[in-house]
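# Examination of the molecular architecture
Here's the letter readout for the chains.
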Amino acid sequence: MNVVVLLGAPGAGKGTQAPLLAARLEIPVVATGDLFRAAVREGTPLGLEARRFMDAGRLVPDEITVRLLLERLARPDAADGVILDGFPRTAIQAAALDAALTARGAGVGAAVLVDVPGEELVRRMSGRWICRANGHPYHEVSSPPRVAGVCDLDGSELYQRADDQPDTIRTRMDQQLGSLREVIDHYRAAGCLRSVDGLQAIDRVAADIDAQLTAAGIRGAAGSGRAAGA
Ligand code: ADP
Ligand code: AMP
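### A look at the overall build of the chain
In terms of helices and strands, the chain carries 8 helices and 8 strands. Its C-alpha atoms give the chain a radius of gyration of 17 Å, within 12% of the compact-globule value 17 Å for 230 residues. Here the C-alpha coordinates of the chain stretch approximately 40 × 35 × 30 Å along the principal axes. With 230 residues in all, the chain has 46% of them scored as buried. Between the mean site of the 26 positive side-chain charges and the mean site of the 29 negative ones, the chain shows a separation of 1 Å.

Next up, the structure:
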């Protein structure tokens, strides 16, 4: 089972890199932000609860987030592995993930930090547009869609996230960067932390992630020509 954690501040490029990596490793992306946004859209009790925190730029409490993640990991398509985008975001979540994977005889193969400094994060989030159907991210300057307002990949409408407004962006950075450091420390202590320079162009970041995963012995990364589990 390949479990790859993509770590980074909000806006670092995790959601941009995760589908590229998933296609190469042939395992699904599990993004807790996307799961929460789907629950909000569907108006489920979990969505209503999560929305209060998301709109305020705060982390959703660990108990709710861990339950949501473990339910998703229990689905059959996650049996061969997953790319985790946006989870874990606290040391408690990281420990809960370790426990769940250990119970399956597995573990986190690599935690890759997409490293981007604060001022660039603000620029990225304030210009971000994402598609309604699948959450594919675009940027109005650095990565625009071919047709304004339309996703290149699935033709759905693009929109700006409610939490990508300037005030909420600042709150998210204030609230979330401290716990990101806890999670980085967790994986550094576990010996599986790797880091890439997220300021590079999207394809360069992708190539560096591949190189890091190959070095970590994760099968299916670029150059092997083989799918995970093949
Ligand atoms: P995250 O999932 O980490 O919050 P996203 O993948 O949604 O971040 O990226 C945030 C914004 O930055 C998006 O508008 C995206 O198009 C843009 N972006 C992502 N990677 C890069 C990059 N390497 N260079 C420039 N812009 C990028
Ligand atoms: P993202 O799409 O990853 O930027 O997440 C959007 C929002 O969802 C975050 O600002 C949090 O409010 C919430 N969220 C996503 N993942 C987590 C997590 N692992 N722990 C707590 N809250 C989360």
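### Here we look at the packing of helix α1 (residues 14-25) against helix α8 (residues 202-215)
Interaxial distance between α1 and α8 falls to 10 Å at its minimum, and their mutual angle equals 50°. By the angle class used here, α1 and α8 are oblique. Here α1 runs over α8; the crossing is right-handed. Residues T16, Q17, L20, L21, R24 and L25 of α1 pack against I202, V205, A206, I209, D210 and L213 of α8. Considered class by class, the residues forming the contact of α1 with α8 number 8 nonpolar, 2 polar and 2 charged.

### Quick notes on the sheet that holds strand β5 (residues 128-131)
The sheet built from 3 strands is open, its strands ordered β6-β5-β7 with antiparallel pairing. In the strand order of this sheet, the two ends are held by β6 (137-139) and β7 (158-159), each with one partner. Across 3 bridges, β5 lies against β6 in antiparallel orientation. Residue pairing across strands places R128 opposite H139, the latter belonging to β6.

### A short note on the packing of helix α5 (residues 91-103) against helix α7 (residues 166-190)
Relative to each other, α5 and α7 sit at 35°, their axes nearing to 8 Å. Between α5 and α7, the contacting residues are A91, A94, A95, L97 and D98 on the first element and E182, V183, H186 and Y187 on the second. Within the contact of α5 with α7, the residues separate by chemical class into 6 nonpolar, 1 polar and 2 charged.

### Looking at the site of ligand 2
Neighbouring ligand 2 are 17 residues; T32, R37, R58, G86 and Q93 lie closest to it. In the environment of ligand 2, a nitrogen atom lies 2.9 Å from a nitrogen or oxygen atom belonging to the backbone of G86. If you list the elements that add at least two residues to the shell around ligand 2, you get α2 (32-42) and α7. With 4 residues, α2 is the largest single contributor of residues to the shell around ligand 2.

### Section: the site of ligand 1
The environment of ligand 1 is made up of 19 residues, and the closest members are G11, G15, T16, R128 and Y138. At a separation of 2.8 Å, an oxygen atom of ligand 1 approaches a polar side-chain atom of K14. Between a nitrogen atom of ligand 1 and a main-chain N or O atom of Q200, the distance comes to 2.8 Å. If ligand 1 stood free it would expose 560 Å²; the protein chains cover 93% of that surface. At the level of elements, α1 and β6 are the ones that each hand at least two residues to the shell around ligand 1. Per-class residue counts for the shell around ligand 1 are 7 nonpolar, 9 polar and 3 charged.

Conventions adopted
Every chain is numbered on its own, with residues counted from 1 as its sequence reads. Working convention: letters from A go to chains and numbers from 1 go to ligands, in the order in which they are written. Per-residue local features are limited, in this predicted model, to residues with pLDDT of at least 70; the limit for side-chain atom pairs, both in listing and counting, is 80 or more; totals at the level of whole chains, interfaces and linings are taken over all residues. Note: side-chain values were computed over all heavy atoms of the structure, leaving out hydrogens and water. Only DSSP runs of H or I with at least four residues qualify as helices, and only runs of E with at least two residues qualify as strands; both kinds are numbered from the N terminus onward. The reference for a compact globule is 2.2 Å times residues^0.38; the radius of gyration itself is calculated from the C-alpha atoms. A simple rule labels every residue: compare its accessible area, found with a 1.4 Å probe on the protein chains alone, to the largest value its type can have, and call it buried under 20%, exposed over 50%, or partly exposed in between. Charged residues are defined narrowly, with Lys and Arg counted positive, Asp and Glu counted negative, and His plus the chain ends left uncounted. Where a charge lies is defined by one atom per residue type, namely NZ (Lys), CZ (Arg), CG (Asp) and CD (Glu). As a rule, the C-alpha atoms of each element are fitted with a line to give its axis, helices using only the stretch in contact, and angles between N-to-C directions run from 0 to 180 degrees. By the definition adopted for this analysis, an angle is roughly parallel if under 35 degrees, roughly antiparallel if over 145, roughly perpendicular if from 65 to 115, and oblique otherwise. Here is the rule for handedness: rotate from the far helix to the near one, and if that takes an anticlockwise turn smaller than a right angle the crossing is left-handed, while a clockwise turn gives right-handed. By the convention used here, residues are in contact when the closest approach between their heavy atoms is within 4.5 Å. Side-chain classes are defined by residue name, with Ala, Val, Leu, Ile, Met, Phe, Trp, Tyr, Cys and Pro counting as nonpolar, Asp, Glu, Lys and Arg as charged, and the others, Gly among them, as polar. Strand pairing is assigned whenever DSSP detects at least two bridges linking the two strands. Nearness here has a simple test: a residue counts as near a molecule or strand if at least one of its heavy atoms is within 4 Å of that partner. Nitrogen and oxygen atoms within 3.5 Å of one another constitute a polar contact, given that in protein one can donate a hydrogen and the other can accept it, and given that sequence-neighbouring residues count only through two side-chain atoms. Each accessible area is a Shrake-Rupley estimate made with a 1.4 Å probe; only the visible protein chains count as cover when residues are assessed.

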